Amino acid sequence: LPGGIFTKNIRIKTAAILCVGTELLLGDIVNTNAAYLSRELAALGISVYHQAVVGDNEERLRKALSDSLAENDLTLVTGGLGPTCDDITRETAAALLGRKLILNEEVKAEIEKYFTLTGRQMTENNLRQAMVPEGATILPNDRGTAPGLMLADEKGHLVAMMPGVPSEMVNMFEKELRPRLLSMRS
């Protein structure tokens, strides 16, 4: 389903939240994302049926995503969209849904702009963040370099991926994802 047009046909009643990051499993970081998203989804009338934390492990993330897609209309994923080799959410979701990753020139330009504005040097690793699954809807991130992504499987079950950094995730949810979800509630 091409980016953007599928939202007219998708109706969201149930959701799961997957937070990705070994640092969450180890207790190095408190998982505030799940609590925030649960409250926000409830306010939208979307029932959260499941929450999970998955470490930076492709096999376990793939299984968690697959199980969630089979059981829910919406799977919200936070984390794993960064530039390092352990950031595997984008790649895992694309492989699970049979999508190729392609370089998105608009995302690349936004990442380059972010580094210019912050006076920092962009590394080659950051270009990984401009690789997006075919057909994905891009959720802009005006607080960081990792764009959010929305994809649907062949049954119309939606995966929405957002950064794990709470300030970036909350901002993206409020500006980009909530308005889309409002139009998809059943």
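Up top is the structure these notes are about.
Keep in mind it's a predicted model, so treat the numbers as computed, not measured.

Enquirer: Explain the nonpolar core here, please?
Expert: Where a protein is soluble and globular, its nonpolar side chains tend to be buried together. Counting residues in hydrophobic clusters, the biggest one holds 26 residues, and the most contacted among them are Leu74, Phe173, Leu177 and Leu181. In terms of residue count, the dominant contributor to this core is helix α6 (residues 166-182) (five residues). In contact with phenylalanine 173, not counting residues within four places along its chain, are Tyr36, Leu37, Glu40, Leu44, Met162, Arg178, Pro179 and Leu181. With 19 residues, the next largest nonpolar core counts Val54, Leu61, Val77 and Leu97 among its residues.

Enquirer: Any chance you could explain the pattern of salt bridges here in plain terms?
Expert: A side chain with one charge can pair with a side chain of the opposite charge if their charged atoms come near. Counted by the stated rule, this structure contains six salt bridges. Between glutamate 91 and arginine 128 there is a salt bridge whose closest N-O contact spans 2.7 Å. Of this pair, glutamate 91 sits in helix α4 (residues 89-96) while arginine 128 is found in the loop between α5 (105-118) and β5 (131-133), placing the two residues 37 residues apart along the sequence. Owing to a relative accessible area of 23%, glutamate 91 belongs among the partly exposed residues under this scheme. Each of Arg90, Glu91 and Arg128 takes part in a single network of salt bridges with overlapping partners.

Enquirer: What is the right way to look at the side chain of serine 38 in this model?
Expert: Tracing the sequence through the fold places serine 38 in helix α2 (residues 32-43). Excluding its chain neighbours within four sequence positions, the residues that come into contact with serine 38 are Ile17, Val48 and Gln51.

Enquirer: Help me out: how do you make sense of the environment of glutamine 51 in this one?
Expert: Mapping glutamine 51 onto the fold places it in strand β2 (residues 47-54). Sequence-wise, glutamine 51 and leucine 18 are 33 residues apart; in three dimensions their C-alpha atoms are separated by 5.9 Å. Residues contacting glutamine 51, with those up to four places away along its chain left out, are Ile17, Ala34 and Ser38. Here serine 38 takes part through its side chain, which lies 2.6 Å from a polar atom of the side chain of glutamine 51.

Enquirer: Looking at this model, I keep getting lost on α5. Mind explaining?
Expert: Residues spaced three or four apart along an α-helix point in a common direction, a consequence of the helix completing one turn every 3.6 residues. The end-to-end C-alpha separation of α5 is 20 Å, in line with the 20 Å expected for 14 residues at 1.5 Å each. Those residues of α5 that sit buried are Val107, Ile111 and Phe115. What you see down the axis of α5 is that its buried residues fit within an arc of 75 degrees, all on one side. With respect to the buried face of α5, the exposed residues turned more than 90 degrees away are Glu105, Glu106, Thr116 and Leu117. Those residues of α5 that are buried lie in contact with β6 (137-139). If you check the start of α5, you find a side-chain oxygen 2.9 Å away from the backbone N of glutamate 106, and it comes from asparagine 104. Immediately beyond the C-terminal end of α5, within one or two residues, lies glycine 119, with a positive phi of roughly 70 degrees.

Enquirer: Which parts of the structure should I look at to understand a nonpolar patch on the surface?
Expert: Taken together, the side chains of Leu25, Leu26 and Val53 define a hydrophobic patch exposed on the protein surface, amounting to about 280 Å² of accessible area. Tracing the backbone shows valine 53 in strand β2. Overall, the relative accessible area of 32% leaves valine 53 in the partly exposed class.

Enquirer: How do you make sense of the sheet that holds strand β3 (residues 74-78) when you look at a structure like this?
Expert: Pairing between sheet strands relies on hydrogen bonds along the backbone, with the strands arranged either parallel or antiparallel. Strand order across the open sheet formed by six strands is β2-β1-β3-β8-β7-β6, with mixed pairing between neighbours. Each end of this open sheet is capped by a strand with a single partner; those strands are β2 and β6. With direction set aside, neighbouring strand axes in the sheet form an average angle of 20 degrees. With three bridges connecting them, β6 and strand β7 (residues 148-152) associate as antiparallel partners. When the sheet's bridge partners are listed, isoleucine 138 is paired in β7 with leucine 149.

Analysis parameters
- Residues numbered from 1 in each chain as written.
- Predicted model: local features only at pLDDT ≥ 70, side-chain atom pairs only at ≥ 80, totals over all residues.
- Heavy atoms only, no water.
- Core = buried A, V, L, I, M, F, W, Y, C linked by side-chain atoms within 4.5 Å.
- Buried < 20%, exposed > 50% of the residue type's maximum accessible area, 1.4 Å probe, protein only.
- Helix = DSSP H or I, 4+ residues; strand = E, 2+ residues; numbered from the N terminus.
- Contact = heavy atoms within 4.5 Å.
- Salt bridge = Lys/Arg side-chain N within 4 Å of Asp/Glu carboxyl O.
- Polar contact = N/O pair within 3.5 Å; in protein donor to acceptor, adjacent residues only side chain to side chain.
- Expected span 1.5 Å × (residues − 1).
- Arc of directions from axis to C-beta.
- Patch = residues over 30% accessible without salt bridge, like charges linked within 9 Å, V, L, I, M, F, W, Y side chains within 5 Å.
- Areas by Shrake-Rupley, 256 points an atom, 1.4 Å probe, with all protein chains shown as cover.
- Pairing = 2+ DSSP bridges.
- Axes fitted to C-alpha atoms, helices over the stretch in contact; angles between N-to-C directions.

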